[in-house]
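Analysis of the macromolecular model
Residues per chain are reported as follows:
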Amino acid sequence: MRKITTILASAIMLAATIPFVAVSSASAVGKPVPASSVCSLDFRDKTYACMEVKDQRVPSGDTVTFTGSLFARAQKNLKQWTKGDNIVCLTRYKTKPDADGSWPWQTLEGACTTVRKNGQFTINAEFGIKGNHYYGLEMGPCRGSKGLCGNGDPGLIGVYAEDDKTLLVKTT
């Protein structure tokens, strides 16, 4: 009888925590907050990469300048990923997720640059597409091992950065 009581008590305690966990995880990521500067964190909650844009509203065809920096861990990962080429590229997202909740992105291969030795970078890009778009940053072409390139994640800054901030540029 004592075993049954212990098992029942454990099951009740577990059942009581499941709705709390589900509610907590569902509200952990809200709607992206448009911003002119963003940072991402690594798995230890240390700053990983930051990026900003001077002008959030530009005429189509004008140059948009993105600047940023990669911190030590991001620089190390980039060096492995690109075998020392240290190339980063902008990524572009729609301002709303797909019906399944995913945020597919497009790598802007014409908007890439080499990260300087101090971890800083500048990307100048001209956008012909009009409208609001979110921008992120990913590592350039993978030149690392097959395992790394096949299973690794090139993302440095995605659609959700720290505090749900997302880099927004409106092209008119």
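Shown above is the structure to which this text applies.
In short, a report on the structure. (Residues numbered from 1 in each chain as written. Predicted model: local features only at pLDDT ≥ 70, side-chain atom pairs only at ≥ 80, totals over all residues. Heavy atoms only, no water.)

Before going further, it helps to spend a moment on the pairing of strand 11 (residues 165–171). Counting buried residues in strand 11 gives five out of seven residues, a clear majority hidden from the surface. Judged from the five bridges that link them, strand 9 (residues 131–139) and strand 11 form a sheet pairing that is antiparallel. Across the sheet, the residue bridging to Tyr135 is Leu167, located in strand 11. (Buried < 20%, exposed > 50% of the residue type's maximum accessible area, 1.4 Å probe, protein only. Helix = DSSP H or I, 4+ residues; strand = E, 2+ residues; numbered from the N terminus. Pairing = 2+ DSSP bridges.)

Let's shift gears to the state of the cysteines. Per the stated rule, a full pass over the model turns up three disulfides. The disulfide bridge from Cys39 ends at Cys50, spanning 2.0 Å between sulfur atoms. Judged by the sign of its S-S torsion, about 105 degrees, the bond between Cys39 and Cys50 is right-handed. Residue Cys39 is located in strand 2 (residues 37–41), and its partner Cys50 is located in strand 3 (residues 47–53); the two are separated by eleven residues in the primary sequence. Taking relative accessible area as the criterion, Cys50 reaches 14% and is therefore assigned buried. (Disulfide = S-S within 2.5 Å.)

Another point: the nonpolar core. Note on soluble globular proteins: their nonpolar side chains tend to be buried together. Membership of the largest hydrophobic core comes to 30 residues, with the highest contact counts inside it found for Phe66, Leu70, Val88, Leu90, Leu137 and Leu156. In terms of residue count, strand 3 provides more of this core than any other element does, four residues in total. In this structure, Leu90 is in contact with Met51, Phe66, Gln106, Thr107, Leu108, Ala111, Ile123, Ala125, Phe127, Gly136 and Leu137, ignoring residues within four places of it in sequence. (Core = buried A, V, L, I, M, F, W, Y, C linked by side-chain atoms within 4.5 Å. Contact = heavy atoms within 4.5 Å.)

The next subject is the packing of aromatic side chains. On inspection of all chains with the given rule, the structure shows six aromatic pairs. Ring centres 6.0 Å apart and planes at 85 degrees place the aromatic pair Trp103 and Tyr160 in the edge-to-face group. Residue Trp103 is found in the loop between strand 6 (87–93) and strand 7 (105–114), and its partner Tyr160 is found in the loop between strand 10 (155–157) and strand 11; the two are separated by 57 residues along the sequence. By relative accessible area, Trp103 is classed as buried at 15%. Taking relative accessible area as the criterion, Tyr160 reaches 29% and is therefore assigned partly exposed. Between Phe127 and Tyr135, the aromatic rings sit 4.9 Å apart at their centres with planes inclined by 20 degrees, giving stacked as the arrangement. (Phe/Tyr/Trp six-rings, centres within 6.5 Å; stacked < 30°, edge-to-face > 60°.)

So, on to helix 2 (residues 72–82). Where helix 2 is concerned, the buried positions are Ala74, Leu78, Trp81 and Thr82. The arc enclosing the buried residues of helix 2, seen along the axis, measures out at 75 degrees, which places them on a common side. Exposed side chains of helix 2 directed beyond 90 degrees from the buried face belong to Ala72, Lys76 and Lys79. Where helix 2 is buried, its residues contact strand 3, strand 5 (63–70), strand 6, strand 9, helix 3 (146–151) and strand 10. Residue Lys83 follows helix 2 closely and has a positive phi angle near 55 degrees. (Arc of directions from axis to C-beta.)

Distances and angles like these do not, on their own, reveal function.
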